[in-house]
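Examining the three-dimensional arrangement
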Amino acid sequence: MSMPLLQRGTSGGGGARVSDNLRDSQMKDKTTTTNVRFPFAFLFTNDKADDPYTPRNKQKFMLLFLKTTLALVVLLALAGSFWWTVSIISTTSSSSSTGHVYHRNSYRRLQEQLVSDLLDIGDIFVGPTRWKELEYCGVESESYVPCFNVSESYDRFCGSRQGCLVSPPVDYKVPLRWPTGKDVIWFRNVKITADEVLTSGSINKRMMMLDDDQVSFRSASPMFDEIEDYSHQIAQMIGIKNDNFIEAGVRTILDIGCGYGSFGAHLLSKQLLTMCIANYEASGSQVQLTLERGLPAMIASFVSKQLPYPSLSFDMLHCSSCGIDWDHKEGLLLVEIDRVLKPGGYFVWTSPLTNARSKDDLKRWNFVRGFAESICWTLLSQQDKTVVWKKTTKTKCYSSRKPGVGPSVCSKGHEAESPYYKPLQMCLGGTRSKRWIPIESRTRWPSRSNMNRTELSLYGLHQEEVGEDAENWKVTVREYWSLLSPLIFSDHPKRPGDEDPSPPYNMVRNVLDMNAQFGGLNSALLEAKKTVWVMNVVPTAAGPNHLPMILDRGFVGVLHDWCEAFPSYPRTYDLVHADNLLSLQTSQHRSSCSLLNIFTEIDRLLRPEGWVIIRDTAQLVETARALTTQLKWEARVIEVESSSEHRLLICQKPFTKRLSI
């Protein structure tokens, strides 16, 4: 297939190749919808002529004559072009394109250039009426997180949001390429003090070293790696040979209070996917630093609300000096992590409390150990400060307990498979689910990502439906990459302060899929061997909830309402993808939730020079393109050949810097 062309849609712009300079080609795209939809408005100006013989009115008459003549020429040109196009199509119908999207022929490029020229003529006569651009927030908002900045407690509270764009720090730099970027970040990109770096010495944070303007998470010596030894210790305690967690049924891990993500970074090399969660922190944030390394993380607290994950979501839960008092609230927090842990899954806890010596500490440790036994956890091993429990694989364990021992099983009326920040419940969830399958009995990774007919039936899905979706995404991912690659590699925009920056390599480390559906994009990226991970988001808006299936496939994801802010720090993702999200959101008719609010949130989550791909109806894509002007994005509409009703909108967030004072 020949190199695809980026076509400017109704927003204007010539049929330039994707390798053309994006910034130059987009200057024409930022015209208003008035000019785009009605390029001949200049022909209908109302000039009053009091005296037809004055020089001024003669000039107006001549101008009107020229305009009328131009209109006739335009109409004749369009009619001729239409007749020519029909004749070509009729003679070439037998040689239609084999591509799925974005096929371009010579006659079409000529048509596009003609329309582009006409639109530009309209702009020259009328002049652009631009949408008002949003202002940048103050310097205090560089790490602004709505729903968490508003409260001093760890609880989430979503009120009104700022109507401005969050700008990066003064000395912000684009993150380093992977794999280097997993272990080295720019010090000024995150909100952390030198003292916080130097005093972080726990094993879950790993040794951090500050070197000029970089923070390194590497071990002090390549011959001794604390995280590697710690991982090996856990494998031995479980009884796993050769540290092969995959063979033990482990693929996804929830790391509670993850430090700075070093445990997850190490496990990623073993094909294990670790989601880091921690409370919101104004400075020295565990989540922010983990995300800056390009690793999976999100803000989450279960002080009083359930986590936004379905029951039976993760194969392993890990807590190393995570700061959670598991003995508080009569074991309520242990009940919540039992809810999200799969049958046969493991809970790994590293804490000085496990080696208690004082009377008070012994009392706390005995409570945790006894409560774990009461909810049918088996203590596998204890070494030094680390303890490993295994959740039961048999639901009859709960009914065989003595009366009054441990919390009861949730009733049908009190259990939601996918709660969205509901209050914590003192009952054991997930025990009635069809998904109650021990991790040892599940298909091993990576075959686990492609479910068979029997597995899909648990979610009420047919193999043909999911298979067709998977094939479509494989084609779509190839086309996405063919569109983005020339833009990223060939004509990378100049960054402020740089002389001649070299094109980046593999800068897409993570993707935020705002409407993940079956997780097809995630699966297609893996099959294409792209070194990215995907945050699969299932909107709470109307529609089927496929998040349980996504997580059971071995991916990570979360339930979220896009009328609220996403629980993450600014500048988190390299690529944001939204397939039919705008249609889904507008169908809800929620007056308090505008598309501009959603796009402002996307801008907050997207790193400078990051990309946005939106696929939706032509009308909504055109509306979205107009909004990108307010966000200062560079945008281009692309036609989808397989659908006359849908369009693609490819956007890039510019690299803007706040001037230091």
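Bear in mind the structure is a predicted one, so any value in this text is a computation, not a measurement.

Quick look at the environment of Pro570 now. Following the sequence through the fold, Pro570 ends up in the loop between strand S13 (556-560) and strand S14 (573-579). Excluding anything up to four places from it in sequence, Pro570 contacts Glu142, Ser143, Tyr144, Val145, Val166 and Arg604.

Across the protein, the average pLDDT comes to 80, with 74% of residues at 70 or higher. Within the model, pLDDT remains below 50 along residues 490-495, and this stretch shows 21 contacts once partners closer than five positions in the same chain are excluded. Within the model, the stretch residues 499-505 combines pLDDT values under 50 with 16 contacts to residues more than four positions away or in other chains.

Moving on, we come to the pairing of strand S7 (residues 314-320). Most of S7 sits out of view: 7 of its 7 residues are buried. In terms of strand pairing, strand S4 (residues 252-256) meets S7 through 4 bridges, oriented parallel. The residue of S7 that forms the bridge with Ile256 is Cys319. In this fold, the crossover linking S7 to strand S8 (residues 341-350) by way of helix H9 (residues 332-340) has right-handed handedness.

Here the focus is the state of the cysteines. Using the criterion set out here, one finds 7 disulfides in the structure. Across the disulfide from Cys258 sits Cys276; the S-S distance is 1.7 Å. Of this pair, Cys258 sits in the loop between S4 and helix H7 (262-268) while Cys276 sits in strand S5 (residues 273-278); the two residues are 18 residues apart in sequence, bridging distant segments of the chain. Given the relative accessible area of 1%, Cys258 is considered buried. For Cys276, a relative accessible area of 2% translates into the label buried. In this model Cys319 forms its disulfide with Cys322; the gap between the sulfur atoms is 1.9 Å. With the S-S dihedral at roughly -65°, the linkage between Cys319 and Cys322 falls on the left-handed side.

What follows concerns the packing of helix H17 (residues 595-605) against helix H18 (residues 618-631). Running from amino to carboxyl end, H17 crosses H18 at an angle of 55°, the nearest separation of the two axes being 10 Å. When the axis of H17 is compared with that of H18, the two are oblique. The element H17 and its partner H18 pack so that their crossing is right-handed. Between H17 and H18, the contacting residues are Leu595, Leu596, Phe599, Thr600 and Asp603 on the first element and Leu620, Thr623, Ala624, Leu627, Gln630 and Leu631 on the second. The class makeup of the residues in the contact of H17 with H18 is 7 nonpolar, 3 polar and 1 charged.

It is worth spelling out the nonpolar core at this point. Among the nonpolar cores identified, the biggest contains 79 residues, and Leu254, Tyr309, Trp326, Phe347, Leu512 and Met535 are the most heavily contacted of them. The biggest single contributor to this core is H9, with 6 residues.

Glancing now at the pattern of salt bridges. Within this structure, the stated rule accounts for 22 salt bridges. With its nearest N and O atoms 3.1 Å apart, the salt bridge here joins Asp315 to Arg448. Highlighted residues: Asp315 in strand S7 and Arg448 in the loop between helix H11 (396-399) and helix H12 (453-457), separated in sequence by 133 residues. Comparing Asp315 with Arg448, the two get one shared label, buried.

Most of helix H14 (residues 520-527) sits out of view: 6 of its 8 residues are buried. Among the residues making up H14, those that are buried are Gly520, Leu521, Asn522, Ser523, Ala524 and Leu525. Following H14 by one or two positions, Lys529 adopts a phi angle in the positive range, close to 60°.

Once that is clear, we can look at the side chain of Arg442. Examined against the element boundaries, Arg442 turns out to sit in the loop between H11 and H12. According to the relative accessible area criterion, Arg442 is buried, its value standing at 12%. In this structure, Arg442 is in contact with Lys342, Arg435, Ile437, Tyr459 and Asp552, ignoring residues within four places of it in sequence.

Moving on: the sheet that holds S4. Reading across from one edge, S6-S5-S4-S7-S8-S10-S9 is the order of the 7 strands in this open sheet, with mixed pairing throughout. The open sheet has two edge strands, strand S6 (297-299) and strand S9 (377-383), and neither has a second partner. Strand-to-strand, the axes of this sheet are offset by a mean angle of 20°, without reference to chain direction. Direction of pairing for S8 relative to strand S10 (residues 386-391): antiparallel, over a ladder of 5 bridges. From the neighbouring strand, Trp349 faces S10, where its bridge partner is Val387. The strands that H9 touches are S4, S7, S8, S9 and S10; relative to S8, the one it contacts most, it runs at about 135°. In the packing of helix H10 (residues 359-374) onto the sheet, contacts are made with S8, S9 and S10, and the angle to S10 comes to roughly 20°.

Rules and cut-offs
Sequence order as written defines residue numbering, which begins from 1 separately in each chain. In keeping with the predicted nature of the model, local features appear solely for residues at pLDDT of at least 70, side-chain atom pairs appear and are counted solely at 80 or more, and the whole-chain, interface and lining totals rest on all residues. Side-chain metrics rest on all non-hydrogen atoms present in the structure, leaving aside hydrogens and water. Numbering of helices and strands runs from the N terminus; a helix is a DSSP stretch of H or I covering at least four residues, while a strand is a stretch of E covering at least two. The contact rule is simple, with two residues in contact once any of their heavy atoms fall within 4.5 Å. One number per residue, pLDDT, summarises how confident the predictor is, and it ranges from 0 to 100. Each residue's exposure class comes from its accessible area (1.4 Å probe, protein chains only) as a fraction of the maximum for that residue type: buried when under 20%, exposed when over 50%, partly exposed otherwise. In this scheme, strands are said to pair when DSSP sees at least two bridges between them. When the strands point away from the viewer and the path from the first strand over the helix to the second turns clockwise, the crossover is right-handed. When two cysteine sulfur atoms lie within 2.5 Å, the pair is treated as a disulfide. As a rule, the C-alpha atoms of each element are fitted with a line to give its axis, helices using only the stretch in contact, and angles between N-to-C directions run from 0 to 180 degrees. Any angle from 65 to 115 degrees is called roughly perpendicular, while one under 35 is roughly parallel, one over 145 is roughly antiparallel, and all others are oblique. Note: crossing handedness is left-handed where the near helix turns anticlockwise from the far helix by less than a right angle, and right-handed where it turns clockwise. The classification used treats Ala, Val, Leu, Ile, Met, Phe, Trp, Tyr, Cys and Pro as nonpolar, Asp, Glu, Lys and Arg as charged, and all other residues, Gly among them, as polar. Note on terminology: a nonpolar core comprises buried Ala, Val, Leu, Ile, Met, Phe, Trp, Tyr and Cys residues joined through side-chain atoms within 4.5 Å. Put simply, a salt bridge is a Lys or Arg side-chain nitrogen that is within 4 Å of an Asp or Glu carboxyl oxygen.

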